[in-house]
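Residue-level structural notes
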Amino acid sequence: MNYYLTGDCHGDFSRFYDFTKDIDPKNCCFICLGDFCANYYLNKTDYKNKKRLNSLGSQFYIIRGNHEQRPSLIPTIQWAYDEQVSGIVGTEPEFPNIHYFKDDVNEYIINEYKCLIVPGAFSVDGEYRRQRTLSNGWCGWWENEQLTQEEMDAGFALAANKSYDFILSHTCPISIGPTDLFLSVVNQKEVDKTMENYLEKIKENTSFKCLCFGHYHSDRLERPNAQMFFQEVESMDDIFARVTQPVTAPDYKHIKSPNYYMEDN
């Protein structure tokens, strides 16, 4: 089995069909860094998407983002220990290839790498989505999109002073936020940075080889040990090798953030 990371799908799963076009999809396990949106509309559209995706034969493990319902609130999802990731995941019996990491902060062993999973983020367009949901029942915003204080406290107690190969999250620590990608129409003073500040606390009190996240809709290296994913699909082995075994030749493959060489504040 080959393990890959990718970013926000927002219900568009074409990248998986394209990626597996010339290889055996059954040998692929995709770790999705939030806003997968298989549980977005909560209706027949979700059902059709999951049915087709499950039939591909690949394995999918999903971190919750901010544009999808919490898996723990989906009544058809059942929770059990999964040997493939050495932890509890949720799976619907009808879609056994699609798995959900728990809603809160947890540790898993993925491809023999020790990983800390941190779900959730704040929706900068949350008020618009909330009003649409209230007015016509359109899904797309959930008031529990971020971790609760209790969940954050328990997650910090779990992770503090530990060492990880990967921290996998939806958003990122505030010190490495991609400021050049912030939407100009959004007043940043009104953006709730709870999750970013929390991840900063995790970052400062753990050690890790690489932090991988989505949320900001770009594919690039944000720092030498922090990578942002959107549509790119990349092997966990390749990522780990790059951050643990630096080479002298320049890395022309990956776009680098304008802040790549900036010291974290």
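In what follows, the accompanying structure is described.

Criteria and thresholds
Residues numbered from 1 in each chain as written. Predicted model: local features only at pLDDT ≥ 70, side-chain atom pairs only at ≥ 80, totals over all residues. Heavy atoms only, no water. Phe/Tyr/Trp six-rings, centres within 6.5 Å; stacked < 30°, edge-to-face > 60°. Helix = DSSP H or I, 4+ residues; strand = E, 2+ residues; numbered from the N terminus. Buried < 20%, exposed > 50% of the residue type's maximum accessible area, 1.4 Å probe, protein only. Patch = residues over 30% accessible without salt bridge, like charges linked within 9 Å, V, L, I, M, F, W, Y side chains within 5 Å. Areas by Shrake-Rupley, 256 points an atom, 1.4 Å probe, with all protein chains shown as cover. Salt bridge = Lys/Arg side-chain N within 4 Å of Asp/Glu carboxyl O. Contact = heavy atoms within 4.5 Å. Expected span 1.5 Å × (residues − 1). Arc of directions from axis to C-beta.

**So, the packing of aromatic side chains**
Tallied over the entire structure, the rule returns 20 aromatic pairs. Seen in terms of ring centroids, tyrosine 4 and phenylalanine 19 are 4.8 Å apart; in terms of plane orientation they differ by 70 degrees. Their pairing is edge-to-face. One end of the pair, tyrosine 4, is in strand β1 (residues 2-6); the other, phenylalanine 19, is in helix α1 (residues 14-19), and 15 residues separate them in sequence. A relative accessible area of 11% places tyrosine 4 in the buried class.

**Quick notes on a nonpolar patch on the surface**
On the surface, a cluster of nonpolar side chains totalling about 300 Å² of accessible area is made up of Trp79, Tyr81 and Ile88. Within the fold, tyrosine 81 resides in strand β4 (residues 78-82).

**Quick word on unusual backbone geometry**
If you check the backbone angles, leucine 42 has positive phi at about 60 degrees while not being a glycine. Within the secondary structure, leucine 42 sits in the loop between β2 (28-32) and α2 (44-55). Owing to a relative accessible area of 42%, leucine 42 belongs among the partly exposed residues under this scheme.

**Remarks on the side chain of serine 218**
In this structure, serine 218 sits in the loop between β10 (207-213) and β11 (220-223). Residue contacts for serine 218: discarding those within four places in its chain leaves Leu181, Met228, Phe229 and Phe230.

**Re α2**
For α2, built from 12 residues, the straight-helix expectation of 16 Å at 1.5 Å per residue is met to within 8% by its first-to-last C-alpha distance of 17 Å. Of the residues making up α2, those classed as buried are Asp46, Lys50, Leu53 and Asn54. Seen end-on, α2 carries its buried residues on one side only, within an arc spanning 95 degrees. Exposed residues lying more than 90 degrees from the buried face of α2 are Lys44, Lys48, Lys51, Arg52 and Ser55. Contacts from the buried residues of α2 go to α1, β3 (59-62), β5 (87-92) and β6 (95-101). Taken from the residues just after α2, glycine 57 is the one with a positive phi, measuring 100 degrees.

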